[in-house]
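Residue-level listing of the chains:
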Amino acid sequence: MDFNLTEEHLMIQQAARDFAQNELLPGVIERDEKQIFPTEQVKKMGELGFMGMMVDPKYGGSGLDTISYVIAMEEISKVDASASVVMSVNNSLVCWGLQEFGTEEQKQKYLPGLASGEIHGAFCLSEPEAGSDATSQKTTAIDMGDHYLVNGTKNWITNGNTASVYLVIAQTHPELKHKGINVLIMTKDMPGFSIGPKEQKMGIRGSDTHSLMFSDVKVPKENRIGEDGFGFKFAMKTLAGGRIGIASQALGIASGAYELALKYSKERKAFGTEICNHQAIAFKLADMAVNIEAARHLCIKAAWDKDQHKNYDVSGAMAKLFASQTAMDTAVEAVQIHGGNGYVKEYHVERMMRDAKITQIYEGTSEIQKIVISRAVISE
């Protein structure tokens, strides 16, 4: 058992940290306030290899392991969770799903652009009545012989308007329930594909979140990933890895808020001394440090399981459940340590508190993670 990061991991960590501090930090408050998508920053993430970290180099990716991805996600999420969710969706859900289950033609066509950051993707599962209950897909993909005819609505889609490639989960055989679901590759230039207004969100306000509407969209048969009826399995397998990405995002939000709170506590004085010297503050910092370290180990363990080709459903669920709670708790306490300054935008922690909440909701709510974990422990 070796807890040391490799030299390559340390280089990736430093590169991600430098990028976050030099490229993401300037303007992050304005992007949050005005809901500005980080277009240039995402492009630079692609140039640095952060948009296709686990993609095979033959498709233009970095060919790195999942641990590298967790490390980079933490550093970028310390500064800008709106940018890191773009990175997470592109890596965990879109690129991985295509590389793992796509045909060679699909990989050659889409992965190079996605991995380079020239374009990025969106994963389209959630619907008005199909969030946590992903089996209840109302979007339909009717088999018309050489193509599918797609109708329906998708909600809360990250990269909804800025993406070029959309992986859409839709029901083809309602009588088969979840075994009749397919996943189709779609592009926004397909006739009948329309995009709703940008969502007004509490957090990750720089990310691009929209509803998508499909009205008799013709999707060629060759755009289906996997066999007929593979869509639900595709979604579940892909989301299992996506949870490692969101756990890492939550870890980054927590560690970023903690670092700001620790720094502030050493500068701010009250009652004749720095506030870190008061036990009330010191104990908060201790609790933060312990929970962040525990969350980091859970994230790395889930990533290791994935790299070792072990089942990572439970370890990923545990990492997401604990890291997202740690992000929320840490960000709230970071605001408290900052006092009145924590309630204003220029000190960053109020944004982190708003950003933290979504990590308990998307890619499987905390309640869904508990279902996954409890079923596993009960069946042991």
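Residues numbered from 1 in each chain as written. Predicted model: local features only at pLDDT ≥ 70, side-chain atom pairs only at ≥ 80, totals over all residues. Heavy atoms only, no water.

Undergrad: Just checking my understanding: could you explain helix 9 (residues 313–338) for this structure?
TA: Side chains three or four residues apart in an α-helix point the same way, a direct result of the helix having 3.6 residues per turn. Over its 26 residues, helix 9 extends 37 Å from the first C-alpha to the last, a length consistent with the 38 Å expected when each residue adds 1.5 Å. Downstream of helix 9 by a residue or two, Gly-339 has a phi angle that is positive, lying close to 60°. (Helix = DSSP H or I, 4+ residues; strand = E, 2+ residues; numbered from the N terminus. Expected span 1.5 Å × (residues − 1).)

Undergrad: Before we go on, may I ask you to explain the UniProt feature "domain: Acyl-CoA dehydrogenase/oxidase N-terminal" (unreviewed entry) in the protein chain in this structure?
TA: As recorded in UniProt, the feature "domain: Acyl-CoA dehydrogenase/oxidase N-terminal" (unreviewed entry) lies at residues 6–118. Each end of residues 6–118 is marked by a C-alpha atom, and these two atoms are 29 Å apart; helix forms 71% of the span and strand 0%. (UniProt positions renumbered as here; feature names shortened; annotations may be inferred.)

Undergrad: Could you clarify how one ought to interpret unusual backbone geometry in this entry?
TA: Trans is the common state for peptide bonds, and a negative phi is the common state for residues other than glycine. Its identity as a non-glycine residue notwithstanding, Gln-35 has a phi of 55°, on the positive side. For Gln-35, the position within the fold is in the loop between helix 2 (28–34) and helix 3 (39–47).

Undergrad: Is there a simple way to think about the packing of aromatic side chains in this case?
TA: To describe a pair of aromatic rings, you give the distance between the ring centres and the angle between the ring planes. Inspection of every chain in the model, using the stated rule, returns nine aromatic pairs. The interplanar angle of 85° and the centroid separation of 5.2 Å between the aromatic rings of Phe-193 and Phe-214 together place this pair among those described as edge-to-face. Taken together, the residues Phe-193 in strand 6 (residues 193–198) and Phe-214 in strand 7 (residues 209–220) connect sequence positions 21 residues apart. We classify Phe-214 as buried; its relative accessible area is 4%. (Phe/Tyr/Trp six-rings, centres within 6.5 Å; stacked < 30°, edge-to-face > 60°. Buried < 20%, exposed > 50% of the residue type's maximum accessible area, 1.4 Å probe, protein only.)

Undergrad: Would you mind going over empty space enclosed by the protein with me for this structure?
TA: Once rolled over the atoms, a probe with the size of a water molecule shows which space is left empty. Taken as a whole and judged by the stated rule, the model has three cavities of 30 Å³ or more. Reported here for the largest cavity is a volume of approximately 50 Å³. In terms of lining residues, the largest cavity is bounded by Ser-77, Lys-78, Val-79, Asp-80, Ala-81, Ile-253, Arg-351, Met-352 and Asp-355. Element by element, the count of residues in the lining of the largest cavity is highest for helix 10 (residues 349–358), at three residues. (1 Å grid on protein atoms, 1.4 Å probe; cavity = no way out; pocket = protein on both sides within 12 Å on 5 of 7 lines; lining within 4 Å. Points joined across faces, edges and corners; volume = space filled by probe spheres on them.)

Undergrad: Just checking my understanding: could you explain the nonpolar core for this structure?
TA: Note that soluble globular proteins tend to have their nonpolar side chains buried in a common cluster. If you look at the biggest cluster of nonpolar residues, it comprises 88 residues, and the most contacted ones within it are Met-45, Phe-50, Met-87, Leu-98 and Leu-167. With 16 residues, the single largest contributor to this core is helix 7 (residues 231–267). When neighbours within four sequence positions are excluded, Met-45 is seen to be in contact with Phe-19, Phe-50, Met-51, Ile-76, Ala-83 and Met-87. If you look at the next biggest cluster of nonpolar residues, it comprises 18 residues, including Tyr-148, Ile-157, Ala-163 and Ala-170. (Core = buried A, V, L, I, M, F, W, Y, C linked by side-chain atoms within 4.5 Å. Contact = heavy atoms within 4.5 Å.)

Undergrad: Quick question: what am I supposed to make of the side chain of Ser-136 here?
TA: Summarising the element assignment, Ser-136 is placed in the loop between strand 1 (121–124) and strand 2 (140–143). Among the polar contacts made by the side chain of Ser-136, one reaches the side chain of Asp-133 at a distance of 2.6 Å. Apart from the residues within four sequence positions on either side, Ser-136 is in contact with Glu-127, Glu-129 and Ala-130. (Polar contact = N/O pair within 3.5 Å; in protein donor to acceptor, adjacent residues only side chain to side chain.)

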